[in-house]
Amino acid sequence: MSTLSVRIARIQRESDSISRFTLESTDGALPSFSAGSHVILHLPTSGGEIRNAYSLIGSPFERGHYEIAVLRNPASRGGSSYLHLHACEGDLLKISPPCNWFSIHVPARRHLLIAGGIGITPFLAYLQSREDWVRRMELVYCVRDARELPFAEAIQASRVRVTVHESQVSGYLDIERLLARQLLGTHVYCCGPGGLIDAVTASAEHLGWPKGTVHFERFSPAIFPSAQPFEARLARSNRKVTVPPELSLLEALERDGVDVPYSCRIGGCGTCEIAVREGSIDHRDHCWTDDERACGKRMLACISRAKNDHLILDL
Amino acid sequence: MNSVRSKPEYHPLVIDPKRRHLVIASEGMAGAKSVKLALGTDQPQRFVRILQISPLREDEGVTETLASFPPEWICMLPSEEFLRVRLRNLMRLAPADAALYLTGSERFLWDCAAVAEGSGMSRNRIQMELSGSAARRLYCPHCKTVTEGVTTNVICCPGCGHWLEVRDHFSRRTGAYAGVRVDAEAPGQIPKVMEVFL
Amino acid sequence: MTNTKLPAVEPPLMGDAFENSPAAIARFPFPFLGDSYMYSVNLTPAGKGAPAAYDEHLFDVDEHYVAEMKLRALILEKDPDRCIALPHMMEHQWDLLELIMEKYSQDYPEHFSLERDGDDWHWSNRLLDIEERFVFGDVSSLPCEPMEYITRQAQGDWILMDHREGDFWLDAGTLTLPADWSLRFDLGMSFDEWHGPVPLAHEAGVFKRAKQFLNRIRPDEPWQRLNWTITIGRRWDTSSDTYHEWGPDRLTVTPENVGKKAHLRVELQVLPRLARSNGLLFQIRTYMLSLEELSTNPAWAKRLRRVLQTLPPEISAYKGMTLYREMMIDWLEPFEDGI
């Protein structure tokens, strides 16, 4: 898979826990991208290369640089810590070209954007897309404390209608009430903590919103019982790859030099599908249907694991 | 004729009693009957509108059925055009989870669907029951003429005068089937004209 | 660029005087990998061909460029609906203009150049003698909408698909050389709907797999595939809209003239992601060789004959070959060597 070479041109603190990184190309114009796209940063941490996806938060019309926002995450396996503690302006990085699994449903009458915390990031690009799309958007921005409102300036500049919901003052957002007053032809987009996404999708389902009108992007996979180690046996190349609990199957394969196509890296898009010859699969994705999982002969390498101690893969 | 994937399929209306906002548009009596079956008449939390074109044929207890509903549910419109205008107004104020149930001739179904989709309704929230004529709206790609009420397998296009085979390839956007010149490769050989879309 | 050497005298647009040079014949995208044919999702990475090959560049420009663009202009004058877009497709239109201008100026710098100063763009097309200064994103700064503007200067047909609900919608396009379909009628259809009339492929699951593949096409990785049919006469515009004009040509084929009249018509279908709309472009680049031209490569002639012999009758009928398939097989007989 192709990569782009970029330099960290600037690092700015947006808040106590969020920093904005400006990435400039080292070789010509950067590819144009659609709002909602992400890039994957290849991070040279001390524990080995970590690949993490970050939403592009800048204008889709800007070709000179990309911007991403990184949340300092105490539970990070090293990616965001590396960026917060070790990365410096001037550093060179490899990134994947932009790819989008969370794009705007163009003909919708209205777009309701519900952002929780760092989930605001893909919507920052939405707000800088075509003017006639932005005019139909409404943003509900959920934060814990409104005194710390990352990207407030950017949101104000877009002139989009925005409601800030402060959870430490008002408690949880009343999602059902918010959705119940939406008009026909509204599409809802949600990005943020898993709990917020689950609540929005459950509410939309309960109210009877049509299929295809609810869009979401997860930044981390759904909660699952903690991972167990297992062995991946590659039938065609006759190799064994050990998958420890802290690595996904995809990451373990990459460490051992086996390349599998990927995109979102958290089980949301289906790109990293591989064939399984034997073994019980522990499906942890959030994009396949039950039927697709039931056949038992395919899995998503970036997120799913083995139910028992090994899988035989058709690789 | 091969079964063409664009050709639409229709089913008897199954009104979902969990829907809190329903609009039913009907060319005949079938709409009201389906509502009675699914909902009964005593659901105060719900927004229901049954759009009908008057006058209705007196048959199968039509007056009785209509009288059993709350009066605000019934909208009698003097023509199909008025019905579509009322439909558009209802769609403009409808909530995101509104459902639309249509029953009537094929042409009626797709003309109403176009109004609803134009107002932002998702296609999967529109149910269609064919309870009227299956006569086809036909588009002639050679002269762009649209001919209504085609019931035969071939017709002479009133626009260009060519004989057209009436195909199954269907456009949901316009509610029309495609025709194509039937004798371009066999001049003068027009198949026997048969009434098939009734 | 050797493959864009244009003839000193412009060839006529259609008819027997319109020829392919030996270079054009040599680089023809012969579509058959085996001796029989069935619909499949035969996608390969786009724009990765050898130097001077038809797929060396993402969008191929060849010796017929000027003639094809003049023909497009004539067709659009008679029937403006051949270039049509639904109202929500403006971002896709600008994506297309940007992509074509970038690729043409990069890959054929002797013919096209693009200078950009922010949103002030300066485009030069030396083949059609066009100079244009405009503001990218501002429709009023162009003589017409972006898709129409650029496709009047870009070889091939162009379909812009909106990607939503996991499906692809034929929501805009310029279609002046299609193989028997009508953009005006199909406008707004979903992927399965506009492929509705294609026989056998649905049952074989071809379109379901195709859509899964298309869903995952990344912006940095365009894909391509080949499609084919037979056209009688060197006629580019074989749309359903004009079928009444070209359909009767099929009756004029005889064993004596089939070598000149019957053309293997190949569509190179190129599928790049559109950058800012996240839609998918479906370019249909059409190439035609008569049987006579094709048979200058005996291996091609032999393979084509075997494909025609084994073609399922539904596909043969759908491609309109019923009247002259046997004549073609007979004409190609000398190339069958039994191996």
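Right above here is the structure, for reference.
Rules of the game
Residues numbered from 1 in each chain as written. Chains lettered and ligands numbered in written order. Predicted model: local features only at pLDDT ≥ 70, side-chain atom pairs only at ≥ 80, totals over all residues. Heavy atoms only, no water. Axes fitted to C-alpha atoms, helices over the stretch in contact; angles between N-to-C directions. Helix = DSSP H or I, 4+ residues; strand = E, 2+ residues; numbered from the N terminus. Left-handed = near helix turned anticlockwise from the far one by under 90°. Contact = heavy atoms within 4.5 Å. Nonpolar A, V, L, I, M, F, W, Y, C, P; charged D, E, K, R; others polar. Phe/Tyr/Trp six-rings, centres within 6.5 Å; stacked < 30°, edge-to-face > 60°. Buried < 20%, exposed > 50% of the residue type's maximum accessible area, 1.4 Å probe, protein only. Lys NZ or Arg CZ within 6 Å of the ring centre and 35° of its normal. Buried area = accessible area lost by both parts, 1.4 Å probe. Salt bridge = Lys/Arg side-chain N within 4 Å of Asp/Glu carboxyl O. Polar contact = N/O pair within 3.5 Å; in protein donor to acceptor, adjacent residues only side chain to side chain. Pairing = 2+ DSSP bridges. Expected span 1.5 Å × (residues − 1). Patch = residues over 30% accessible without salt bridge, like charges linked within 9 Å, V, L, I, M, F, W, Y side chains within 5 Å. Areas by Shrake-Rupley, 256 points an atom, 1.4 Å probe, with all protein chains shown as cover.

K.L.:
Help me understand the packing of helix H3 (residues 80–93) of chain B against helix H4 (residues 106–118) of chain B in this model?
P.N.:
Helix-helix packing is characterised by the crossing angle of the two axes and by the distance between the axes. Residue and element names in this part refer to chain B. For the pair H3 and H4, the least separation of the axes is 9 Å and the interaxial angle reads 30°. The hand of the H3/H4 crossing is right-handed. Packed against H3, whose contacting residues are Glu80, Leu83, Arg84, Leu87, Arg88 and Met91, the element H4 presents Arg107, Phe108, Asp111, Cys112, Val115 and Ala116 at the interface. Along the lines of polarity and charge, the residues of the contact of H3 with H4 split into seven nonpolar, no polar and five charged.

K.L.:
Is there a simple way to explain the packing of aromatic side chains in this structure?
P.N.:
Geometry of an aromatic ring pair is reported as the spacing of the ring centres plus the angle between the planes. Counted by the stated rule, this structure contains 31 aromatic pairs over all chains. Between C:Phe191 and C:Trp194 the ring centres are 5.3 Å apart and the planes differ by 70°, which places this aromatic pair in the edge-to-face class. Of the two residues, C:Phe191 and C:Trp194 both sit in helix H6 (residues 191–194), three residues apart, roughly one turn of that helix. Since its relative accessible area comes to 7%, C:Phe191 is described here as buried. What links up through ring pairs into an aromatic cluster is the set C:Phe28, C:Phe30, C:Phe32, C:Tyr37, C:Trp228 and C:Trp300. Across from the ring centre of A:Tyr262, 4.4 Å away, lies the NZ or CZ of A:Arg265, which sits over that ring.

K.L.:
Explain the interface of chain C and chain A to me, please; I cannot follow it from the model alone.
P.N.:
Think of interface size as the accessible area that goes away when the parts come together; that is how it is often given. Tallying the contact residues gives 21 residues for chain C and 26 residues for chain A. Interface area for chain C against chain A, summed over the two sides, is near 1,900 Å², with a carbon-plus-sulfur share of 53%. Summed over the three residues of chain C that lose the most area to chain A, namely C:Arg216, C:Arg218 and C:Arg276, the buried surface amounts to 34% of that side. Where chain C meets chain A, there are four salt bridges. A salt bridge links C:Glu91 to A:Arg130, with the nearest nitrogen and oxygen atoms 3.1 Å apart. Counting across the interface, chain C meets chain A through ten residue pairs in polar contact (both at pLDDT 80 or more). Those elements that place two or more of their residues in the side of chain C that touches chain A are helix H3 (90–107), strand E6 (157–164) and helix H7 (206–215) of chain C. At six residues, H3(C) tops the list of elements feeding residues into the side of chain C that touches chain A. Counted by class, the side of chain C that touches chain A contains four nonpolar, six polar and eleven charged residues.

K.L.:
Explanation requested: the interface of chain B and chain C in the structure shown.
P.N.:
Contacts between the two partners involve 24 residues from chain B and, on the opposite side, 29 residues from chain C. In total, about 2,200 Å² of surface goes out of reach between chain B and chain C, with carbon and sulfur atoms giving 55% of it. On the chain B side of the contact with chain C, B:Arg5, B:Arg173 and B:Glu185 bury the most area, a combined 31% of that side's loss. At the surface where chain B touches chain C, the tally comes to five salt bridges. C:Glu193 is the salt-bridge partner of B:Arg172, the closest N and O atoms lying 3.3 Å from each other. Remark: the boundary between chain B and chain C carries 13 residue pairs in polar contact (both at pLDDT 80 or more). Sorting the residues of the side of chain B that touches chain C by element identifies strand E9 (163–171) and strand E10 (176–181) of chain B as the ones contributing at least two each. With five residues, the single largest contributor to the side of chain B that touches chain C is E10(B). For the side of chain B that touches chain C, the residue count by class is eleven nonpolar, six polar and seven charged.

K.L.:
Mind showing me how you'd approach the sheet that holds E10(B) here?
P.N.:
Think of a sheet as strands paired side by side through backbone hydrogen bonds, with each pair either parallel or antiparallel. Residue and element names in this part refer to chain B. Across the sheet, five strands lie side by side as E7-E6-E10-E9-E8; this open sheet has mixed pairing. The open sheet terminates on both sides in strands that have one partner only, identified here as strand E7 (146–150) and strand E8 (154–156). With direction set aside, neighbouring strand axes in the sheet form an average angle of 45°. Note that E8 and E9 share three bridges and pair antiparallel. Bridged to Cys156 within E9 is Trp163.

K.L.:
Honestly, the sheet that holds strand E10 (residues 280–290) of chain C in this entry has me stumped. Any pointers?
P.N.:
Residue and element names in this part refer to chain C. A sheet is described by the order of its strands in space; here seven strands give the open sequence E1-E8-E9-E10-E6-E7-E2, paired in antiparallel fashion. Where the open sheet ends on each side, the last strands, each with one partner, are strand E1 (44–45) and strand E2 (83–85). Alignment of E6 against strand E7 (residues 167–174), held across seven bridges, turns out to be antiparallel. Its bridge partner being in E7, Met161 is matched across the sheet by Leu170.

K.L.:
Sorry, what's going on with the pairing of strand E1 (residues 21–26) of chain B here?
P.N.:
Taken residue by residue, a regular strand's side chains alternate between the two faces of the sheet. Residue and element names in this part refer to chain B. Across the six residues that make up E1, a large majority, six, are buried. Along E1, one buried face is formed by His21, Val23 and Ala25 and the opposite face, lined by Leu22, Ile24 and Ser26, is buried too. Relative to strand E4 (residues 99–104), E1 runs parallel, the two being bridged by five bridges. Residue pairing in the sheet places Ile24 in a bridge with Tyr101 of E4.

K.L.:
What should I look at first to understand the environment of A:Gly279 in this one?
P.N.:
All names here are of chain A. As for its placement among the helices and strands, Gly279 is situated in the loop between strand E14 (273–278) and strand E15 (281–282). Given a relative accessible area of 38%, Gly279 falls into the partly exposed group. When residues no more than four places from it in sequence are discounted, the contact partners of Gly279 are His310 and Leu311.

K.L.:
Looking at this model, I keep getting lost on the side chain of A:Ser59. Mind explaining?
P.N.:
Residues and elements named next belong to chain A. Mapped onto the elements, Ser59 comes out in the loop between strand E4 (48–55) and strand E5 (65–71). A polar side-chain atom of Ser59 sits 3.0 Å from the main-chain amide nitrogen of Phe61. Sequence-distant contacts of Ser59, that is, excluding residues within four places in its chain, are made with Phe33 and Gln128.

K.L.:
Where do I start with H4(B) in this structure?
P.N.:
Residue and element names in this part refer to chain B. The terminal C-alpha atoms of H4, which comprises 13 residues, lie 18 Å apart, in line with the 18 Å expected from a rise of 1.5 Å per residue. Within H4, burial applies to Glu106, Phe108, Leu109, Trp110, Asp111, Cys112, Ala113, Val115 and Ala116. Count one or two residues on from H4 and you reach Gly120, which has phi positive near 105°.

K.L.:
So what exactly am I meant to see when it comes to the environment of A:Ala108 here?
P.N.:
Residue and element names in this part refer to chain A. Within the secondary structure, Ala108 sits in the loop between strand E6 (92–95) and strand E7 (110–116). On the accessibility criterion, Ala108 (4% relative accessible area) is buried. For the pair Ala108 and Thr186, spaced 78 residues apart in sequence, the C-alpha separation works out to 6.3 Å.

K.L.:
Looking at this model, I keep getting lost on a nonpolar patch on the surface. Mind explaining?
P.N.:
All names here are of chain B. A cluster of nonpolar residues, Trp163, Ile190 and Val193, forms a patch on the protein surface that exposes about 220 Å² of accessible area. Mapping Val193 onto the fold places it in the segment after E10. Taking relative accessible area as the criterion, Val193 reaches 42% and is therefore assigned partly exposed.

K.L.:
Honestly, the pattern of salt bridges in this entry has me stumped. Any pointers?
P.N.:
If charged atoms from side chains of opposite charge come close, those side chains can pair. All names here are of chain A. Counted by the stated rule, this structure contains 66 salt bridges over all chains. Across the salt bridge formed by Glu254 and Arg51, the nearest N and O atoms sit 3.2 Å from each other. Remark: Arg51 occurs in strand E4 and Glu254 occurs in helix H8 (residues 249–255); sequence separation between them is 203 residues. What makes Glu254 buried here is its relative accessible area of 15%. On the accessibility criterion, Arg51 (17% relative accessible area) is buried. The closest approach of N and O atoms between Asp290 and Arg293, which form a salt bridge, is 3.3 Å. Here Arg293 and Asp290 lie together in helix H9 (residues 290–294), a separation of three residues that amounts to about one turn.

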